[in-house]
Amino acid sequence: MINNFKLGGIIFIYLFLLFFINGCTTPEENAINKGPEVYTVEIKNMKFQPEELTVKKGDTVIWVNHDIVTHCVTEELTKAWTSGKIAAGGSWKMAVENSYNYFCAIHEVMKGKIIVQ
Amino acid sequence: MKQFMKLNMAIVVCSIIVFGSAYAQKNPKLTDPEIASVAVTANQVDVNYAKIALTRSKNSDVLKFAQTMSDDHTAVINQAVALVTKLKVTPKDNAVSRKLLSDAEKTKKQLIAKPAKAFDKAYIDNEVAYHKAVISTVEGLLIPQAQNAELKKLLQDVVPTLKAHLAHAEMLQKKIEKK
Ligand SMILES: [Cu+2]
């Protein structure tokens, strides 16, 4: 009986804490205070997924290579920046300041786009 | 009448043999060790073409493409070898892998004999044709006949790579034609 009481108390405290912690970080509040966000582009089956990604200035984008071949991420128009080789299973990240069309300079038919809102 | 029936029967039997073997030749039955051998051979053939291009071409687009072919097809071979080692399967040569090798031998000789001016076009044209042929072999023969699920999955995973290579080769083909 006492055990049941104790258990009930623990559950109550747990639920209370859960509610309290959740209450502190509601999604809306997150949206107000948040710093830069991190987005992932999967490189899979010779495609950037998603091909087009919209972010805010200063957000970070991570490209993850799930293929068995080496890829890269390179600015398309003037090759202003490049990841260099991203080996199979590897990844590369960049904080984004501008909108870019990019491509894989190793497989030139693979293209992607980042739009800074 | 009896004679006629016999003749008819003979015609039917003969046509089954003739068309049957033609069909078998078009769609040979391959075991997993044979499929593994075809897969490794098909990739090795393209690595060998790339080696010729890397020594003969002066065009930076073609050189880059050839390096990509060498790197990617080597990566596929390594993946295939790792899988057959894990599965304890020994690749077994067969009619399809032997045909790939004998055709490649002829093409290699033609590429080496091409005058320097005509080399890039000959190499890229062959890359377009070869990738088309390999895609149809992998999709039409190897994937449907592979028994082991991991071998089937590896073959399926390779198709997007082959298709990207084909698109890349076709892009270079247009670029070279414009020159
Ligand atoms: Cu790539």
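Please refer to the structure placed before this passage.
A. Structural context of the interface of chain A and chain B. Contacts between chain A and chain B engage 10 residues on the former and 13 residues on the latter. Around 1100 Å² of area is buried between chain A and chain B when both sides are counted, 62% of it from carbon and sulfur atoms. For chain A, the biggest contributors to the area lost against chain B are Ile68, Glu108 and Val109 of chain A; these three give 47% of the whole. Here Glu108 of chain A makes a salt bridge to Lys64 of chain B, at a shortest N to O gap of 3.3 Å. One can count 4 residue pairs in polar contact (both at pLDDT 80 or more) joining chain A with chain B.

B. Structural context of the nonpolar core. The biggest cluster of nonpolar side chains holds 44 residues, and the ones touching the most others in it are Tyr123, Val138, Leu142 and Leu155 of chain B. Going through the elements one at a time, α2 (32-56), α3 (60-87), α4 (95-113), α5 (116-145) and α6 (149-178) of chain B are the ones with two or more residues in this core. Examining the composition of this core, we find that 12 residues originate from one element, α5 of chain B, more than from any other. Residues contacting Tyr123 of chain B, with those up to four places away along its chain left out, are Tyr49, Ala50, Ala53, Val62, Phe65, Ala66, Met69 and Leu111 of chain B. The next biggest cluster of nonpolar side chains, apart from the first, holds 26 residues, and it includes Met46, Leu53, Val55 and Trp81 of chain A.

C. Region of the structure containing the pairing of strand β4 (residues 60-65) of chain A. Residues and elements named next belong to chain A. With 6 bridges connecting them, strand β1 (residues 38-44) and β4 associate as parallel partners. By the bridge assignment, Val41 is partnered in β4 with Trp63. Judged from the 5 bridges that link them, β4 and strand β6 (residues 91-95) form a sheet pairing that is antiparallel. Among the inter-strand pairings, Ile62 is bridged to a residue of β6, identified as Lys93.

D. Structural context of the sheet that holds strand β3 (residues 52-55) of chain A. All names here are of chain A. Across the sheet, 4 strands lie side by side as β3-β8-β7-β5; this open sheet has mixed pairing. For this open sheet the edge positions go to β3 and β5 (74-75), each flanked by a neighbour on one side alone. Summarising the sheet, β5 and strand β7 (residues 100-103) pair through 2 bridges and their orientation is antiparallel. Paired with Glu75 across the strands is Tyr102, a residue of β7.

Definitions and limits used
Residues numbered from 1 in each chain as written. Chains lettered and ligands numbered in written order. Predicted model: local features only at pLDDT ≥ 70, side-chain atom pairs only at ≥ 80, totals over all residues. Heavy atoms only, no water. Contact = heavy atoms within 4.5 Å. Buried area = accessible area lost by both parts, 1.4 Å probe. Salt bridge = Lys/Arg side-chain N within 4 Å of Asp/Glu carboxyl O. Polar contact = N/O pair within 3.5 Å; in protein donor to acceptor, adjacent residues only side chain to side chain. Core = buried A, V, L, I, M, F, W, Y, C linked by side-chain atoms within 4.5 Å. Buried < 20%, exposed > 50% of the residue type's maximum accessible area, 1.4 Å probe, protein only. Helix = DSSP H or I, 4+ residues; strand = E, 2+ residues; numbered from the N terminus. Pairing = 2+ DSSP bridges.

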